[in-house]
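Observations on the model geometry
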Amino acid sequence: MELWLGIVIAVATLIVGLVVGSLIQKRTIEARMGRAEEAANRILEDAKSRAEFLSKERISEAKEEVHRLRSDCDAECKERRNEVSKLEKRVMQREEQMDRKMASLELKEEKFAKKEKELEDDLAAAEELNKRRIEELEKVAGLSAEDAKQSLIDSVENEARHDAALKVKEIEAQAKNDGEKIARNIITMAIQRCAADHVAETTVSVVALPNDEMKGRIIGREGRNIKAIETATGVELIIDDTPEAVILSSFDPVRRDIARIALERLIVDGRIHPTRIEDMVEKARKEVEQQIKEAGEATVFDAGIHNIHPELVKILGRLKYRTSYGQNVLKHSLEVSYIAGLLAGEVGADITLAKRAGLLHDIGKAVDHEVEGTHIQIGVDLAKKYRENNEVIHCIAAHHNDVEPQTIEAVLVQAADAISGARPGARRETLEAYIKRLEQLEEIANSFNGVERSFAVQAGREIRIIVKPEVVSEEATVLMARDIAKRIETDMVYPGQIKVNVVRETRMVEYAK
């Protein structure tokens, strides 16, 4: 009982303590809240007073700024009004000046109108007088106005042609003095620096024999050996009374060379019979093919040209056995390469391109008897096939003017080709072609009006033309020489150049009695 009573008393005491503590804490909090509200009110009042002060200060500053801006604006407006006033005065002055000028122009227009009318009247009167003058002149001269005009035109035209001929003569003389001298020096230097042999090829080869008894062995029993040689080589053997010699005849130089090598080896070997002949001919054929390859490589090396396709080098070597008018085409191609390179160096063109094009310009002649077409078209096709550059192909196509030259190197290859072919002794012509060229030269010259006689001289290198002095004037001879030269260039094909020499001679004869 006492235990429960103690517990109740303890609980009651705890409750009373809690209530008392709660009341004390509540009063403490209320006291703190009261102090916080007082502090907040003081802060708020301070802030309001601060804000009112700042607001008054900002308003004062803004009023001062507005006053300053208004003063500036008033000053600027005053200045603008002054400028506008000045501009208005200037405009008014300009208007007054324009009015005065307009008045002056109106007066001048009236004067001009009067003068124009006077001039029109004077012009009409002048035309009437000119018409009467022309009618009087026609009556006096017996010519109409159109006839007189045509006569005047003819006179002026003749005078102009006379002056033009004199000018052409003067220009040509100057050009010859300068251009011919320069060109002659360049070409002479190129030729002097390029010394090449010229050996005329023939259609026969001579094989020396150790003795005349060898002729019988070459012929063989019933001629079987000589028949075997001719069949295997395609070359005709001529065995005659020539001591210790056999002649090989063929238009194909490759076959003739194969036959020569085979026969010389058969003579050295001493065993001459059909089987041995076939073996020797086959060996000789392989040897000639190797020589062709080596000739192409040596030519390319001598020319200083690189990166040519190997097959093109072999084809180039075949030109060793190709001739043109008796001139070896391989030597001719090498010479053209040299000359074209030298000319290119003198005029500042591409030396390597000129030499390469000069070396390959006649490559088509190596196979022109096997392929249809001209040697130019064949050469172009070969160059394209073996991937030569377009400039070299153009030089090949243009070296005989089949196409118009478009580059300086193409023109130089043309010139080098002509120089190589025109050298004395470089080529030989048939008598028929020679006579035909002379006749064609004289025929062209005689076709011009006023020509009395013409003579082709110096193996067709010059044409001398005698003109009628009463038909062709001194000045007209200049134009005639140019026209004949152009006609020859258009109608004829010839190596080198042809000199056109027009001669006009007037002889006055009188006898003293």
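Fair warning: this is a prediction, and the values are worked out from it, not measured in the lab.

1. Here's the deal with the overall build of the protein chain
Counting its regular elements, the protein chain contains 14 helices and eight strands. Counting over 513 residues, the protein chain shows a buried share of 28%. Within the protein chain, counting contacts between residues at least 6 apart in sequence, those at least 24 apart form 61% of the total. Total accessible area on the protein chain is roughly 35400 Å²; 54% of this is exposed by carbon and sulfur atoms.

2. Some thoughts on a negative patch on the surface
Taken together, the side chains of Glu116, Glu118, Glu120, Asp121 and Asp122 make up a negatively charged region of the molecular surface. Summarising the element assignment, Glu118 is placed in helix α1 (residues 2-141).

3. Focus: the confidence of the model for the protein chain
Mean pLDDT over the protein chain: 80, with 86% of residues reaching 70 or higher. Element-level pLDDT for the protein chain is lowest in helix α2 (residues 145-193), with a mean of 65, against a maximum mean of 90 in helix α11 (residues 390-398). Note that residues 195-201 has pLDDT below 50 and, in this model, 17 contacts with residues that lie over four places away or in other chains.

4. Brief notes about the pattern of salt bridges
When charged atoms on two side chains of opposite charge get close, those side chains can pair. On inspection of all chains with the given rule, the structure shows 17 salt bridges. Notably, a salt bridge pairs Asp257 with Arg260, separated by 2.7 Å at the nearest N-O pair. Here Arg260 and Asp257 lie together in helix α5 (residues 253-269), a separation of three residues that amounts to about one turn. Accessibility expressed as a relative area gives 11% for Asp257, which makes it buried. Classification of Arg260 as partly exposed rests on a relative accessible area of 25%. Among the charged side chains, a salt-bridge network with shared partners connects Glu65, Arg68 and Asp72.

5. Section: helix α9 (residues 351-360)
For α9, a buried count of eight out of ten residues is recorded, marking the element as mostly surrounded by other parts of the structure. Taken as a whole, α9 has its buried residues at Leu353, Ala354, Lys355, Arg356, Ala357, Gly358, Leu359 and Leu360. With a side-chain oxygen positioned 3.2 Å from the backbone nitrogen of Thr352, the residue opening α9 is Asp350.

6. Here's the deal with the nonpolar core
If you look at the biggest cluster of nonpolar residues, it comprises 43 residues, and the most contacted ones within it are Val300, Ile308, Leu312, Leu316, Leu359 and Leu382. Sorting the residues of this core by element identifies α6 (274-303), α7 (310-317), α8 (329-347), α9, α10 (375-385), α11 and α12 (408-422) as the ones contributing at least two each. Counting residues per element, this core draws most heavily on α8, which supplies eight residues. Counting residues in hydrophobic clusters, the runner-up holds 26 residues, among them Leu209, Ala262, Ile267 and Ile277.

7. Re the sheet that holds strand β7 (residues 462-467)
Spatially, β6-β7-β8 is the arrangement adopted by the three strands of the open sheet, whose pairing is mixed. Strands at the two margins of the open sheet, each flanked by one partner only, are β6 (451-457) and β8 (499-504). Put simply, the sheet's adjacent strands are angled 20° from each other on average, direction ignored. In this sheet, β8 lies alongside β7 in parallel orientation, the contact comprising six bridges. Counterpart to Glu462 in the pairing with β8 is Lys499. This element, helix α14 (residues 476-491), spans β6, β7 and β8 of the sheet and lies at about 150° to β8.

8. Observations regarding the pairing of β7
As defined by bridge partners, β6 adjoins β7 across six bridges and the pair is classed as antiparallel. Paired with Ala456 across the two strands is Ile463, which belongs to β7.

9. What about the packing of α8 against α9?
For any two helices packed against each other, one specifies the inter-axial angle together with the distance between the axes. One can describe the packing of α8 onto α9 by two numbers: an axis separation of 7 Å at closest approach and a directional angle of 160°. Put simply, α8 runs roughly antiparallel to α9. Here the hand of the crossing between α8 and α9 comes out right-handed. When α8 is examined against α9, the residues Ser333, Leu334, Val336, Ser337, Ala340, Gly341, Ala344 and Gly345 are found in contact with a partner set consisting of Ile351, Ala354, Lys355, Gly358 and Leu359.

10. Here's the deal with the side chain of Thr477
When you line up the elements, Thr477 lands in helix α14. Discounting chain neighbours no more than four positions away, the residues touching Thr477 are Val467, Val472, Val502 and Arg504.

11. Quick word on the side chain of Lys355
Structurally, Lys355 is set in helix α9. Of the side chains with opposite charge, Asp350 lies nearest to the buried Lys355, which makes no salt bridge, at 10 Å.

Conventions and cut-offs
Residues numbered from 1 in each chain as written. Predicted model: local features only at pLDDT ≥ 70, side-chain atom pairs only at ≥ 80, totals over all residues. Heavy atoms only, no water. Helix = DSSP H or I, 4+ residues; strand = E, 2+ residues; numbered from the N terminus. Buried < 20%, exposed > 50% of the residue type's maximum accessible area, 1.4 Å probe, protein only. Contact = heavy atoms within 4.5 Å. Areas by Shrake-Rupley, 256 points an atom, 1.4 Å probe, with all protein chains shown as cover. Patch = residues over 30% accessible without salt bridge, like charges linked within 9 Å, V, L, I, M, F, W, Y side chains within 5 Å. Salt bridge = Lys/Arg side-chain N within 4 Å of Asp/Glu carboxyl O. Lys, Arg positive; Asp, Glu negative; His and termini not counted. Charge placed at Lys NZ, Arg CZ, Asp CG, Glu CD. pLDDT = per-residue confidence, 0-100. Polar contact = N/O pair within 3.5 Å; in protein donor to acceptor, adjacent residues only side chain to side chain. Core = buried A, V, L, I, M, F, W, Y, C linked by side-chain atoms within 4.5 Å. Pairing = 2+ DSSP bridges. Axes fitted to C-alpha atoms, helices over the stretch in contact; angles between N-to-C directions. Parallel < 35°, antiparallel > 145°, perpendicular 65-115°, else oblique. Left-handed = near helix turned anticlockwise from the far one by under 90°.

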